[in-house]
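Understanding the architecture of this molecule
Chain residues, written in single-letter form:
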Amino acid sequence: MPPTLRRITAIVPLHLEVLAGRDALDRPVRWVAVSELEDPTPFLEGGELVLTTGMRLSGGDAVPYVSRLVARGVTGLGFGVGLSHDAVPPAFAEAAEAAGLPLVEVPRATPFIAIGKAVSDLLAGEQYEEISRAFAAQGRLTRAALQRQGPVAVVDRLAREIGGWALLLDPAGDVRHAADATGRHAGPGDSRGAAGDWAGEAARSLAPEIARLRSAPSLASLALSTPDEHVVVQPLGRRGFFAVGSPRPFTPVAHTVVNAAGSLLTLALEQGREQRSAAARVRSAVLRLLLAGETRAAAETLAALGLRLPGEPVTVLACDTSDPDALTEALTGAAPGPRGASAAVTTFTASWEGLLVVLAPGAHADEVVALAAQHGRVGVSAPGVEIVRSESRVDSRMDSRVDSRVEPAAAGPADRGTSRPLPAAGPDRFSGCVSDRVSDRVSDRAFDRGPDRLSDRVSDRVPDKALAAALDRALDQARRALVSASPVARFSELAGRGLLSLLDPAAAASFAAAILAPLREYGSRADLVESLRAYLASNGHWDAAAQRLGVHRHTLRYRMKRVSELLGRDLDDPAVRAELWIALCL
């Protein structure tokens, strides 16, 4: 902040004396302007300390002269004595006092340039302090970015630095994390609770502006101001947005801090994308192992990375979401936002055929389903699916090997004798370890048992087809439930809707059209489709079906013979009847 006039008049070597306007001495002085013009205001910007010797001024000019300075926003007037005037004309002191403009007497021994240099030095000192504060704030933000949940820590730190609030938003404009340092909002920014209402409301109020930024041909930021609040919104590449608000106007230091935070957040999210991609490939490979019955290999692959499968029977979720990364991060507790409330729940996620598959512990399935529904549509399998048998789960012996052997794996060859903590699990912690540590640790663990454990090693590698079939069946259930999800559908609830509710509508319609096409294309006047429907609805009873159609039973027999010939199917076969009935019902 620029120095005040009070601070300048307190500089002893200048020998300045305040004659009027003492109540306004705390105004900032942005520069010193020397002028002997009768009207210097065309050459002023406001905020200056104007110095004059009154060469062209007399007592009669005091009121209009002072009035023009006040209208221009001048901070104060310094009147030099000993040249044109031996003392400051009383009319100037009276006019300045009446207008509330500070009037300072400058003695003959004090050159105007000395006052200018003093103000310049003070301004330079203020600028240096601002730069120092900005560098210090950038350092704190950088250290925050290096923490495990870097984006979260940066947003929290940013709110404290500006004394306001900050929101981290996903590409759709939804809140991923919120922080408030104003004390006006109770609790953390959790969009699912009452404490997070302010964050959601703020995000909704910014939705039109975010839409403008999203449609802009190039990345740009915007600033908004109201009487009570000042807001800055910046894009984070194409990974989302962040917004900051303060009850005070943003200073140059604050703008520097906000820009630094934006750069750190953009870098963290862009780098995290590559790490998440590597993590997603590993999890997809693990899911393929599970579906192949290779449960031990799947568990060991995750254990080498400090992760584990849910240790209890699970419920399988098939999630159709526009942002699989955000849902994965939320479910693993690594998300930079309020949706990570399930951090204590061990879930497993993997991409599979365009969907995100989630294995949720049965005891927490409802919580996980509710969280997943915030990100899109969810199909839920029947509960109680075992993915690892109790006798072949990763037991305490394997856990001890993970503790004793995985931790040192993070160290270099020279550090094998010491133990360092394994980085915390999460999608953003895979980076380089995917190609190195997985292959090394899994292969090591496969052969680290003695000869007396050979039989165990062989049995561990025998695929468990029963478990694989159970998981595959549960995945199929979840995918079928997803067809009717709005936003959630459970396979167990589909039973009351009939078997046809389990079929994919588009595939089923194509099947029905194909199987009945020969009948619809038949050129006879007889409606073979309706005749077949009546025959099947009457369970093959000729008289009942003929009566329903209003024809003779021999006519119906002829039609059914024609249907059998056109379709190339035996209508006495129960399987054929069931298939045709399903086609007729679609």
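Please refer to the structure higher up on the page.
Calculation rules
- Residues numbered from 1 in each chain as written.
- Predicted model: local features only at pLDDT ≥ 70, side-chain atom pairs only at ≥ 80, totals over all residues.
- Heavy atoms only, no water.
- Helix = DSSP H or I, 4+ residues; strand = E, 2+ residues; numbered from the N terminus.
- Buried < 20%, exposed > 50% of the residue type's maximum accessible area, 1.4 Å probe, protein only.
- Contact = heavy atoms within 4.5 Å.
- Areas by Shrake-Rupley, 256 points an atom, 1.4 Å probe, with all protein chains shown as cover.
- Axes fitted to C-alpha atoms, helices over the stretch in contact; angles between N-to-C directions.
- Left-handed = near helix turned anticlockwise from the far one by under 90°.
- Nonpolar A, V, L, I, M, F, W, Y, C, P; charged D, E, K, R; others polar.
- Pairing = 2+ DSSP bridges.
- Polar contact = N/O pair within 3.5 Å; in protein donor to acceptor, adjacent residues only side chain to side chain.

**Things to note about the overall build of the protein**
- Scanning the protein for helices and strands turns up 20 helices and 15 strands.
- Burial status across the protein gives 45% buried among its 586 residues.
- Expressed as a percentage of contacts within the protein between residues at least 6 apart in sequence, the contacts between residues at least 24 apart total 67%.
- Accessible surface, the protein: about 28400 Å² in total, of which carbon and sulfur atoms supply 53%.

**Observations regarding the packing of helix 2 (residues 62–72) against helix 3 (residues 90–99)**
- Packing of helix 2 against helix 3 leaves a shortest axis separation of 9 Å and a crossing angle of 35°. The handedness of the crossing between helix 2 and helix 3 comes out as right-handed. Facing Ala 62, Val 63, Tyr 65, Val 66 and Val 70 of helix 2, the residues of helix 3 in contact are Ala 91, Phe 92, Ala 95, Ala 96 and Ala 99.
- Considering only residue class, the contact of helix 2 with helix 3 consists of ten nonpolar, no polar and no charged.

**Some remarks on the pairing of strand 14 (residues 376–380)**
- In this sheet, strand 14 lies alongside strand 11 (residues 314–321) in antiparallel orientation, the contact comprising five bridges. Within the sheet, the bridge partner assigned to Cys 319 lies in strand 14 and is Val 378.
- With three bridges connecting them, strand 14 and strand 15 (residues 488–490) associate as parallel partners. Pairing of Val 380 across the sheet is with Arg 490, part of strand 15.

**A closer look at the side chain of Ser 531**
- Take Ser 531: it is sitting in helix 17 (residues 528–537).
- Overall, the relative accessible area of 1% leaves Ser 531 in the buried class.
- A polar contact is formed between the side chain of Ser 531 and the side chain of Arg 559, at a distance of 2.9 Å.

Geometry only, nothing functional implied.
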